[in-house]
Amino acid sequence: MSIFSKKICARRLSETGCSRCGEIGVIEGTAVKTRDGWRSVDALDHSDRLHVFSGGYRRTAAIQSEEIWSDPFDCPAVVRPLFVPPGAIGNESALLLQQDIRVILEGETVGGAFEEAHVSIRAGDLLGFRDIALERTPPKKGRLFRIFFDDADAIEVNGGIWLLCPETHETLSSLIDGVHKFCKIGGRPVRHLTADEADVFLAVEEKIDAEAAPDG
């Protein structure tokens, strides 16, 4: 077989390349808590009221979606989602997370390293923590949903995870790049951890896990 006959993903050959498949958003099939119960993100519309970190339920300002992973094989690691097993970060069921989305976690267990009661961690920085791993093959033609509010907020997914959503005029890239170290959501301060700070946070969590584990 000629080396030139090797199949290549059409997205990889496009103008955007693989980068589109690594964009921030909520992957289809993710369960989102609404006032009417749990619904798949791909079944939401603007009339739904989502359970938010700021308290209570609110409607979105916008929901955008697009198809990614048009032909997923041999995808670069940077655009593959994370597989989060049940219970790894408070989630009741397994789910996939885009690496650049931010997850809000309680920060009180970090022994004073951070003053804030809540911190956000880039999902990709959770790789290796409590068996969180890269998904081997992303779902073919999966849909990615971007949820916006009029001000920064977070939504509850899969029974216990808070995913940060930007306000309509903002992108989460500013958080990833460290332009903003903090935000306030419903008056509650959230510190956006850098990769190094996330390592400190997760190391403390792993120590707590080890101390709580039964002997043997």
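Residues numbered from 1 in each chain as written. Predicted model: local features only at pLDDT ≥ 70, side-chain atom pairs only at ≥ 80, totals over all residues. Heavy atoms only, no water.

A. Seen up close, the side chain of H51. Along the polypeptide, H51 turns up in strand β4 (residues 50-51). Judged by relative accessible area, which is 16%, H51 ranks as buried. Within the structure, the side chain of H51 is placed 2.6 Å from the side chain of E156, a separation counted as a polar contact. With residues up to four places along the chain from it excluded, the contact list for H51 reads K33, T34, G56, Y57, A154, I155, E156 and W162. (Helix = DSSP H or I, 4+ residues; strand = E, 2+ residues; numbered from the N terminus. Buried < 20%, exposed > 50% of the residue type's maximum accessible area, 1.4 Å probe, protein only. Polar contact = N/O pair within 3.5 Å; in protein donor to acceptor, adjacent residues only side chain to side chain. Contact = heavy atoms within 4.5 Å.)

B. Summary view of the nonpolar core. The biggest cluster of nonpolar side chains holds 34 residues, and the ones touching the most others in it are I89, L97, V103, I155 and L163. For V103, the residues in contact, after removing those within four places along its chain, are I89, L97, V119, S120, I121, A123, L126, I161, W162 and L163. (Core = buried A, V, L, I, M, F, W, Y, C linked by side-chain atoms within 4.5 Å.)

C. Expanded view of helix α3 (residues 195-212). For α3, with 18 residues, the first-to-last C-alpha span of 26 Å sits near the 26 Å given by 1.5 Å per residue. Among the residues of α3, those classed as buried are E197, A198, F201, L202 and E205. Across the axial projection of α3, the buried residues extend over an arc of 125 degrees, all falling on one side. Facing away from the buried side of α3 by over 90 degrees, the exposed positions are D196, K207, A210 and E211. Against β9 (102-106), β10 (118-122) and β16 (188-192) lie the buried residues of α3. (Expected span 1.5 Å × (residues − 1). Arc of directions from axis to C-beta.)

D. Spotlight on the environment of P139. As for its position among the elements, P139 is in the loop between β11 (133-134) and β12 (142-148). With a relative accessible area of 27%, P139 lands in the partly exposed category. Separated by 111 residues in the primary sequence, P139 and E28 have C-alpha atoms spaced 9.4 Å apart. Discounting chain neighbours no more than four positions away, the residues touching P139 are W69, P72 and L96.

E. Quick peek at the sheet that holds strand β8 (residues 95-97). Pairing is antiparallel in the open sheet, where three strands are placed in the order β8-β7-β11. Two strands lie at the open edges of the sheet, namely β8 and β11, each paired on one side alone. Note: strand β7 (residues 82-84) against β8, three bridges, orientation antiparallel. Paired with F83 across the bridge in β8 is L96. (Pairing = 2+ DSSP bridges.)

F. Spatial organisation of the environment of D42. Looking at where D42 falls in the secondary structure, it is placed in the loop between β3 (37-40) and β4. As for D42 and V26, which are separated by 16 residues in sequence, their C-alpha atoms are 9.3 Å apart. Contacts of D42, omitting those with residues within four sequence positions, involve E28, G29 and F145. A distance of 2.9 Å separates a polar atom in the side chain of D42 from the backbone nitrogen of G29.

G. Spotlight on the sheet that holds strand β6 (residues 62-68). Within the open sheet, the three strands sit side by side as β1-β12-β6. Their pairing is antiparallel. The sheet is open, and its two edges are formed by β1 (26-27) and β6, each paired on a single side.

H. Spotlight on the pairing of β9. Within β9, four of the five residues are buried, leaving the element largely enclosed by the surrounding structure. Strand direction decides the pairing type here: β9 and β10, joined by five bridges, are antiparallel. Within β10, the position partnered with R102 by the bridge is R122. Summarising the sheet, β9 and strand β14 (residues 161-165) pair through two bridges and their orientation is antiparallel.

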